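Read off the chains here:
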Amino acid sequence: MLRATLKSLLARKLRLILSGLAVVLGVMFVSGALVLTDTLNRTFDAIFSDAYSTTDVSVSAKPNVEVSEFEGEEVATPLPASVVDKIKNTSGVRAAVGRVDSDGARVIGSDGKVLTSMGPPRIGTNWTGTDELLQLREGRGPEAPGEIAMNATTASLSGYRIGDTVPVLTQQPKREFTLVGIWGYAGDRDSIGGLQEVAFTTPVAQELMLGEKDVFTSVTVRTADDVTPEALRDRIAPVLGADYEVRTGEQLADENSASLKEGISFFNQILLGFAGVALFVGIFLILNTFSIVVAQRTKELALLRAIGASRRQVINSVLVEAVIVGLIAAVLGLAAGVGAGAGLGALFSSMGGGGLDLAPIGVPPSAIISSFVVGIVVTVVAAVLPALRASRIAPVAAMQDVATPDRPLTRITVFGSVVTAAGAAALSVGLFADAGDATLWLILGGVLVTFIGIALLTPLISKPVVSMLGRLFAWSVPGRLGRLNSGRNPRRTAITAAALMVGIALVTGVTVIMDSAKSSLKAEAARILKAQIMISGDLNGPRPPTYDPAVLDKTSRITGVRAAAGLYNDLVAIGGERVYVAATEDLAVLGQAYGTNAATLRDDQIAVHAPEATERGWQTGTKVAIQASRGEEHTYTVALIFAEDTLPGSIIMPAAAIKDFGITQPVLGYIRLDDGVAVSSVLPQVKDLLADSPEVSATDQQTFVNAQAAQFDQIITMIQILLGLAILIAVLGVVNTLALSVLERTRELGLLRAVGLGRAQTMRMVTVEAVVISVFGALLGVVVGAGLGSAVTKALENDGITELVLPWTRMGTYLALAALVGVIAAVAPAIRAARLNVLGAIAHD
């Protein structure tokens, strides 16, 4: 029986390739994600190991607000210079050097633009000399207040050379320095991990990066020859007390690496989620392939039964074939995944400016195990139903020359209705009820079960819908034949279309949600935003773009300006909870710019958004203790509870709190003009004032709103790209179905050719069949996706998505692309059908 199975498999190589390709692509996605994650994890392990290789012990103050990798950069609490002296006097210390290392030193390149960084921070540090790791390549270290040095990566990106004047943005407005030195790192590296670094003299670094004199962010300690880092750590810790964190260099490397791995893990889960979608779609392709194959092998399997093969042996025969296909696909998918992981790693490195030295590409055990488990399990699961169907073939079928009859749809329709109802119920609970921690799983599970239920119901609707779509092409004989062929086997058509439906439905659903959110944002902005000019910038690094607050004072003196206010942001701690807050120089001015009345806050007062106050149980007069990123904890009094949409943010701090924020410059600006004043008369003047703040720009209200809304389009594009693999697998399903159908109908095609159907007509017939199936799948996906997207949008109504937008243009585009996909998918099967030898086809058994 095994030999018969292997011979049958080898006799149908095309079937093997087509059915295995879907698994190859899915396994590639899974293994590629795991290879990428492993490579990045080892890369960051090496980066932090190098960064702290010259640090035996490090001392830093405990941060006021602990920040996770998803919340941005943690702001270090400055420690006084006196701590350095205490450490130096500790037994076993060979050297102790105060360090200033803070994100926010942004070099303005020779082209006048700020150097961007989509990954690593842009560090401002104090020059402490060279060591085994840091090596000067040109010039010297900074010695005067107007001098800087930079690492080779920053010098290369900016285009500056020794002696050039370099503008730098820090916690203070733009200042210019003379470049006196360029350094690199051991191993001929331009940077560690792609960091952009600028070194000032210690007093200048303290002033510009920390805003205080005689303070550091950490102290780097080297041990005496006879003392271990662990022993010295244990000596220093009790000397400094509980307010300081004393760690070995190895501990620091592990902690920083673990923090970044948290973000990488999240990214990996996203990739695996899309891989799951691709594999889910692949199941439809494999199921269809094995179903068609079983139908084509009816006589062969019946003969096996007739000569003594049991039902179990027939089932095992089909499953063995599935295991072999899955095994081969897993090997090929793993190999492709290694290549995909290497490519994604290179892309990741380039996003960080190209300075990230990736660890050698490796294949972790998790990638190998997952590839084989996924490849074999997915293929076997998809082959179970066809295997059971094969076992039910009666031996007498070997003596009959008839096609396998299509079974009634009653049972699958009832089952599909139950599954769809269950999925819809789970989805409804997740969207509209308070399910706590189970909400996400209810939504995801509901979507998955709903998709399965709709796929089961698809055969019921495929025949009438396909017949209707086919009428568009029924003006010719090939068109009528193609229409009839596409509807002759509802189950086969339904499974093929369902695969395409899943990808299109997800893309359509996300598009509905994003377009609705975009429209809601625009409508909300038009309703509440009274400022005609906005100051903002595009996020091009972990730190938001900022500008000189003096711009606001100068803007307020421009003729025709009613109010100009800036907005500052920080992550603070309130009762142990991390909360984002805003601040402004004068709440009364911000109110004017925002179109509402508000009084100036005193130094000990805050304003709170009404829903926030209700949630926290705050009232006017409530005392609230707030710990900002820097400084001491302060107690504030709730002075104003403002209505929804009357002021930006949920908690607004007074001007006195800004000095303790992690970023002490405004990130947004609101400029409201007097009635009747044209924006065109003021906007150029504001742009001139921002000449020294190149990270931001001034725009009119509509341009600003459009820029914010455009972010939703980026999300749609990203999801379309990631779901493209699932849609590609679905397209392969169409190709597979047509190719196997041509083989199945060889004799029929020969007869059609014999009675006068030309080659071109034969190709058109197959093409019409492909187009109808593809458009049917896309139409189903558009309808299901629009329904799911509308349900999610309705559920998010209280979260600000108040308008439902159905993207008719995009949905029409998906249908048109589906028709094009059908044409492309039909090319190979149509050519094969047209080239059939008429006499040989008629004699085909």
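Everything numeric in this text was worked out from a predicted model, so none of it was measured. (Residues numbered from 1 in each chain as written. Predicted model: local features only at pLDDT ≥ 70, side-chain atom pairs only at ≥ 80, totals over all residues. Heavy atoms only, no water.)

(A) Up close: the overall build of the protein. The helix and strand tally for the protein stands at 23 helices and 23 strands. Across its three principal directions, the C-alpha atoms of the protein cover 100 × 75 × 50 Å. Split into buried and exposed, the 845 residues of the protein put 51% on the buried side. Put simply, of all contacts in the protein between residues at least 6 apart along the chain, 81% involve residues at least 24 apart. A total of about 37,000 Å² of accessible surface is found on the protein, and carbon and sulfur atoms cover 59% of it. Of the side chains in the protein, 67 bear a positive and 75 a negative charge, and the two mean positions are spaced by 18 Å. (Helix = DSSP H or I, 4+ residues; strand = E, 2+ residues; numbered from the N terminus. Buried < 20%, exposed > 50% of the residue type's maximum accessible area, 1.4 Å probe, protein only. Contact = heavy atoms within 4.5 Å. Areas by Shrake-Rupley, 256 points an atom, 1.4 Å probe, with all protein chains shown as cover. Lys, Arg positive; Asp, Glu negative; His and termini not counted. Charge placed at Lys NZ, Arg CZ, Asp CG, Glu CD.)

(B) Geometry of the sheet that holds strand β14 (residues 244–248). Read across the sheet, four strands follow the order β3-β13-β1-β14 without closing on themselves; strand pairing throughout is antiparallel. The sheet terminates laterally at β3 (93–99) and β14, the two strands that pair on one side only. Strand-to-strand twist across the sheet, computed as the mean angle between neighbouring axes with direction ignored, equals 20°. Taken together, the three bridges between strand β1 (residues 57–61) and strand β13 (residues 218–223) define a ladder with antiparallel strand orientation. Bridge pairing in β13 links V59 to V219. Helix α6 (residues 229–240) rests against β1, β3, β13 and β14 of the sheet, and its axis sits at about 175° to β14. (Pairing = 2+ DSSP bridges. Axes fitted to C-alpha atoms, helices over the stretch in contact; angles between N-to-C directions.)

(C) View of empty space enclosed by the protein. Inspection of every chain in the model, using the stated rule, returns three cavities of 30 Å³ or more. Of the volumes computed, that of the second largest cavity is approximately 50 Å³. Looking at the second largest cavity, the residues that line it are R106, L169, Q172, P173, K174, T546, Y547, D548, Q665, D692 and S693. Split into classes, the residues belonging to the lining of the second largest cavity amount to three nonpolar, four polar and four charged. (1 Å grid on protein atoms, 1.4 Å probe; cavity = no way out; pocket = protein on both sides within 12 Å on 5 of 7 lines; lining within 4 Å. Points joined across faces, edges and corners; volume = space filled by probe spheres on them. Nonpolar A, V, L, I, M, F, W, Y, C, P; charged D, E, K, R; others polar.)

(D) Structural detail: the pattern of salt bridges. Per the counting criterion, the structure on display carries 28 salt bridges. Among the salt bridges present, the one from E245 reaches R247, with a minimum N-O distance of 3.3 Å. By relative accessible area, E245 is classed as partly exposed at 22%. Given the relative accessible area of 16%, R247 is considered buried. (Salt bridge = Lys/Arg side-chain N within 4 Å of Asp/Glu carboxyl O.)

(E) A look at the nonpolar core. Grouped together as the largest cluster of nonpolar side chains are 85 residues, with contacts concentrated most on F284, F451, M501, V502 and I729. Ignoring sequence-local partners within four residues, the contact set of M501 consists of F451, I454, A455, G777, L780 and G781. M150, A155, L210 and V246 belong to the second-largest nonpolar core, a separate cluster that totals 41 residues. (Core = buried A, V, L, I, M, F, W, Y, C linked by side-chain atoms within 4.5 Å.)

(F) A look at the side chain of R222. On the secondary structure map, R222 appears in strand β13. Polar side-chain contacts of R222 include one of 3.3 Å to the backbone oxygen of T54. Apart from the residues within four sequence positions on either side, R222 is in contact with T54, D56, G92, V93, R94, A95, E132 and L232. (Polar contact = N/O pair within 3.5 Å; in protein donor to acceptor, adjacent residues only side chain to side chain.)

(G) Broad picture of the pairing of β13. When you tally the buried positions in β13, you get six out of six residues, the bulk of the element. On β13, burial covers both faces: S218, T220 and R222 on one face and V219, V221 and T223 on the other are all buried. Direction of pairing for β3 relative to β13: antiparallel, over a ladder of six bridges. If you follow A96 over to β13, its bridge partner there is V221.

(H) Region of interest: the environment of L169. You can see L169 is positioned in strand β9 (residues 165–169). Classification of L169 as buried rests on a relative accessible area of 5%. Expressed as a C-alpha distance, the spacing of L169 and G124, which sit 45 residues apart in the sequence, is 10.0 Å. When near neighbours in sequence (up to four residues on either side) are disregarded, L169 contacts G104, A105, R106, I108, V114, K174, D692, P694 and E695.

(I) Focus on the sheet that holds strand β21 (residues 651–653). In space, the nine strands of this open sheet follow the order β19-β20-β18-β21-β17-β16-β22-β15-β23, with mixed pairing throughout. Looking at the sheet topology across the chains shown, the edges are occupied by β19 (623–626) and β23 (697–700). The average undirected angle you get between the axes of adjacent strands in this sheet is 35°. Pairing geometry for strand β16 (residues 561–574) and strand β17 (residues 577–583), over seven bridges, is antiparallel. Looking at the pairing, V572 lines up with V579 of β17. Strand contacts of helix α16 (residues 587–594): β16, β18 (605–609), β20 (634–642), β21 and β22 (668–673), with the helix running at about 115° to β16, the strand carrying the most contacts. Sheet strands in contact with helix α18 (residues 679–689) are β15 (533–536), β16, β22 and β23, and its direction is about 170° off that of β23.

(J) Quick look at the packing of helix α20 (residues 746–754) against helix α21 (residues 759–795). The N-to-C vectors of α20 and α21 enclose an angle of 135°; their axes lie 10 Å apart at closest approach. Considering their axes alone, α20 and α21 lie oblique with respect to each other. At the point where α20 passes α21, the crossing takes the right-handed sense. Of the residues in α21, those in contact with L749, L752 and R753 of α20 are R759, T762 and M765. Taken together, the residues that form the contact of α20 with α21 break down as three nonpolar, one polar and two charged. (Parallel < 35°, antiparallel > 145°, perpendicular 65-115°, else oblique. Left-handed = near helix turned anticlockwise from the far one by under 90°.)

(K) Quick look at the packing of aromatic side chains. Within this structure, the stated rule accounts for three aromatic pairs. Look at W127 and W183: their rings are 5.8 Å apart centre to centre, the planes differ by 55°, and that puts the pair in the tilted class. Linking W127 in the loop between β6 (122–126) and β7 (134–139) with W183 in strand β10 (residues 175–185), this pair joins segments that are 56 residues apart in sequence. With respect to class, W127 is no different from W183; both count as buried. (Phe/Tyr/Trp six-rings, centres within 6.5 Å; stacked < 30°, edge-to-face > 60°.)

(L) Examining the packing of helix α14 (residues 490–528) against α21 more closely. At a minimum axis separation of 6 Å, α14 and α21 run at an interaxial angle of 35°. Along this stretch, α14 crosses α21, giving a crossing that reads as right-handed.

(M) View of the environment of T555. With respect to the secondary-structure elements, T555 resides in helix α15 (residues 550–556). For the pair formed by T555 and I182, sequence separation is 373 residues and the distance between their alpha carbons is 39 Å. Residues contacting T555, with those up to four places away along its chain left out, are V561, A564, I671, V686 and L689.

(N) Just a nonpolar patch on the surface, in detail. Together, I369, V373, V377 and V381 line one region of the surface with nonpolar side chains, adding up to about 350 Å² of accessible area. Within the secondary structure layout, V373 lies in helix α10 (residues 365–391). You can call V373 partly exposed: its relative accessible area is 44%. (Patch = residues over 30% accessible without salt bridge, like charges linked within 9 Å, V, L, I, M, F, W, Y side chains within 5 Å.)

(O) Structural detail: unusual backbone geometry. With phi around 60°, D188 is a residue other than glycine that occupies positive phi space. Residue D188 is classed as exposed on the basis of its relative accessible area of 68%. For D214, which is not glycine, the phi dihedral falls at a positive 55°. Its place among the elements puts D214 in the loop between α5 (202–210) and β12 (215–216).

(P) Quick peek at the environment of I715. Tracing the backbone through its elements, the reader meets I715 in helix α19 (residues 701–744). Each C-alpha atom of the pair I715 and A51 lies 34 Å from the other, and the pair is 664 residues apart in sequence.

(Q) Local environment of the side chain of R543. Checked against the element boundaries, R543 lands in the loop between β15 and α15. Of the side chains with opposite charge, E695 comes closest to the buried, unpaired R543, at an N-O distance of 4.7 Å. Excluding anything up to four places from it in sequence, R543 contacts D103, G104, R106, R122, T170, Q171, I663 and Q665.

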